[in-house]
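Structural characterization, general
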Amino acid sequence: MTQLANYFASIGRTTIEKVVAIGQASLMLFGALFAFPKVKNIGLTIHQIYVVGVQSLLIIMVSGLFIGMVMALQGYTILVNYGAEGSLGPMVALSLLRELGPVVTALLFAGRAGSALTAEIGLMKATEQLSSLEMMAVDPLRRVIAPRFWAGVISMPMLAIIFSAIGILGGHLVGVDWLGVDSGSYWSIMQSTVEWDKDVVNGIIKSIVFALVVVWIALYKGYSCVPTSEGISQATTQTVVYSSLLILGLDFILTALMFGIS
Amino acid sequence: MTKVVEITNMHFTRGERTIYENISLSVAKGGITAIMGPSGIGKTTLLKIIGGQLVPNSGDVIFQGENVHKVSRSRLYEMRRKMSMLFQSGALFTNMSVFDNVAFPLREHTKLDESIISTIVKLKLEAVGLRGALGLMPSELSGGMARRAALARAIALDPDLIMYDEPFAGQDPISMGVLVELIKTLNKALDLTSIVVTHDVSEVLEIADYAYIMANKTIIGAGTPEEIKNSDSPLVRQFLNGDADGPVPFHYNAESLQDDLLAVN
Amino acid sequence: MTSRKAEILVGFFVALAIAATLLLALKVANQGMAGSGETYKLNARFDNIGGLKARSSVKVGGVVVGRVERIYLDGADLIPVVELQISSEYKNTFPDTSSLSILTSGLLGEQFIGLQPGFIFPEDLVSIEEDKVCESADLRQCPYLTEGEEIFDTKSALVLEDLIGQFLFNQGSE
């Protein structure tokens, strides 16, 4: 009997903790969102775009190139059996624009920039830099969280677009230059199949949603972590795990909404 | 003498644990007030309560005539410009040079020209003896130097009140002497009010005008350094002499050892 | 604190993103149909739609003029109804007598709807032009396909099994 009560008590406690955490995270997000219009912070945001965006560029471009090349190689070996290698272009382009571009970029971003953001903020908290900002009458949400938040939300869709574009070029490299698919049909069939608003824009919308999720989790985990070395390492791991799971889950929901019900 | 900070009947709990019970203290303008006590009783917490970062469960904290926890958020931020805190670790921003660290509050809160800011920063650094280190990054500084650089940053905006959190912890005797001297001279030269939280009794009693000793969630002794030294309260005596056991027990709360061991078997 | 190098690299990053967007916009995606936006709706009933899907294209002599918006089963007589969105560029272009057939591009390609424009007698055309029937009068009077109209002349998709069955049946009767 008491065991049962304990069981329910633990469910209740976990629920309350989660609700409180979501509330705190929302408050933080709220603070960050409303801190945007401050002119002084635009320089900081640009600096953060450099840190989270530009510094992720290399890994994004290399991954995009290789994924495009692999897709072309795999797609070709399947399509050539049906004499449909002309459809290689749309296959590569659609899978990149709709799925791989936003999703892989978000996963890489969570691993590369998200974990770094959590660790940075966590360490700032552990070394009392956040507290000291507050005591200097500078709001850390405004000064530290907001620029990073906006930089992430701005950078990720751009990274996803670059990823897809490079992937399509990589597919061209393998499919056309190496395997001998006709260059004209690669582009023209792609062009007649891919639609700007349905495929490209939906991919960008996905990417923006993923960006919000990843950056939000990364910043909240850093901001709320236990300020010890163990707490920071745990928060960093949680950032990568939670954002990866949420990206994949949200991707399914968004795909169902965008392409599933027609 | 006017009071800069006045705390009355303050309670503070963290989770289930009571940190403070019915604490009242006041800090006189222009003086150095020491708050001493064994580690782990939340002396840093007290400073954070004065700074408005933590909110007490009950009681009032008055800073320059205004209740820190009852004013609006924007007013609190204005009040914080007049107080300043030196954190135990220094809390310098690791991604900026010493110069930028000291210039930070000036750039955030004033619209001064870069050349004027540069002059102020150099003067503040000169005061703590680190003008030569202005180009260094915080990671290149020793612990004592980092604390002095942080002190320069803390006085950059000419605050009315400085709160020192364990300024002497983990310092070698020379750095400690330097810091003791700095706290004293700055307090006089800048017409500051200082609160020093520490467990290094002898150092702080040299410079303090008034001292409080905290233990067991409350204040166990108060007075000028002379009064404290001559106190006959057993708690105060234990703290000053550093006895291992006494009114502040050596053992953390536990059932008797005999019962504990027998229960296992 | 924002160093010059960071600013330049962020500028480079933004330029790269814009270039990638342009590549996607101009070289990868087609904006012809979707971009113009304005469309009008037509309905058609088929006995069998085969592998036709929503978003399949509607072509006239290979030129895409519209898309299949939605396919559903008529509640009353259980016949598939296909709803088409035709670009407004081709308003008052296809006569009422046009016919639709479901075709396949290549052997294994996807299915699309081929629209075969019908005809209007030249003397009718003159009177239509003069009376401006299509602008003013009841839409029923207009000899062109207009918003919400139904095309009756439709050819269903070829079903391979039916075709083979027919072939065997013919062989047997010979």
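For the structure, check the block above.
All of the points below concern the structure found in this document. (Residues numbered from 1 in each chain as written. Chains lettered and ligands numbered in written order. Predicted model: local features only at pLDDT ≥ 70, side-chain atom pairs only at ≥ 80, totals over all residues. Heavy atoms only, no water.)

Per the secondary structure count, chain C includes 5 helices and 8 strands. N-terminal to C-terminal, the α/β element order of chain C is α-α-β-β-β-β-β-β-α-α-β-β-α. Going through the 174 residues of chain C one by one, you find that 33% of them count as buried. Here chain C displays about 10,600 Å² of accessible surface, and carbon together with sulfur accounts for 57% of that area. (Helix = DSSP H or I, 4+ residues; strand = E, 2+ residues; numbered from the N terminus. Buried < 20%, exposed > 50% of the residue type's maximum accessible area, 1.4 Å probe, protein only. Areas by Shrake-Rupley, 256 points an atom, 1.4 Å probe, with all protein chains shown as cover.)

Between chain A and chain C, the residue contacts involve 35 residues of the former and 28 residues of the latter. Of the roughly 2,700 Å² buried at the junction of chain A and chain C (both faces included), carbon and sulfur atoms supply 74%. Along the contact surface separating chain A from chain C lie 1 salt bridge. Linking Glu195(A) and Arg67(C) is a salt bridge whose minimum nitrogen-to-oxygen distance equals 3.3 Å. Counting only elements with at least two residues in the side of chain A that touches chain C, the list comes to helix H2 (42-79), helix H3 (88-126), helix H5 (140-178), helix H6 (183-193) and helix H7 (196-223) of chain A. No other element matches the 10 residues that H2(A) contributes to the side of chain A that touches chain C. Among the residues forming the side of chain A that touches chain C, the class breakdown is 22 nonpolar, 7 polar and 6 charged. (Contact = heavy atoms within 4.5 Å. Buried area = accessible area lost by both parts, 1.4 Å probe. Salt bridge = Lys/Arg side-chain N within 4 Å of Asp/Glu carboxyl O. Nonpolar A, V, L, I, M, F, W, Y, C, P; charged D, E, K, R; others polar.)

Another aspect to go through is the pattern of salt bridges. Summed over the entire model, instances satisfying the criterion amount to 20 salt bridges over all chains. Salt-bridge contacts for Glu99(A) lead to Lys206(A); the nearest nitrogen and oxygen are separated by 2.7 Å. Separated by 107 residues along the polypeptide, Glu99(A) in helix H3 and Lys206(A) in helix H7 bring together distant segments of the chain. Accessibility expressed as a relative area gives 25% for Glu99(A), which makes it partly exposed. Here Asp77(C) and Arg45(C) are joined by a salt bridge, their closest N and O atoms 3.4 Å apart. Linking Asp77(C) in the loop between strand E3 (63-73) and strand E4 (80-87) with Arg45(C) in strand E1 (residues 39-45), this pair joins segments that are 32 residues apart in sequence. Residue class for Arg45(C) comes out partly exposed when judged on its relative accessible area of 27%. Connected through shared salt-bridge partners, Arg45(C), Asp74(C), Asp77(C) and Glu150(C) make up one network.

We now examine the interface of chain B and chain A. Contacts between the two partners involve 25 residues from chain B, matched on the other side by 15 residues from chain A. For the pair chain B and chain A, the interface holds 3 salt bridges. Residue Glu108(B) pairs with Arg143(A) through a salt bridge whose shortest N-O separation is 2.7 Å. For the interface between chain B and chain A, the tally reads 10 residue pairs in polar contact (both at pLDDT 80 or more). Of all the secondary-structure elements, those providing two or more residues to the side of chain B that touches chain A are helix H2 (73-80), strand E6 (83-86), helix H3 (98-109) and strand E7 (161-165) of chain B. Residue composition of the side of chain B that touches chain A, by class: 11 nonpolar, 6 polar and 8 charged. (Polar contact = N/O pair within 3.5 Å; in protein donor to acceptor, adjacent residues only side chain to side chain.)

Attention now moves to the pairing of strand E6 (residues 111-116) of chain C. Residue and element names in this part refer to chain C. Most of E6 is tucked away: 5 of the 6 residues are buried. One ladder, built from 2 bridges, connects strand E2 (residues 57-60) with E6; its direction is parallel. Opposite Val 58, over in E6, you have Ile 113 as the bridge partner. Where strand E5 (residues 99-104) and E6 come together, 6 bridges link them in antiparallel fashion. Among the inter-strand pairings, Ser 101 is bridged to a residue of E6, identified as Gly 114. (Pairing = 2+ DSSP bridges.)

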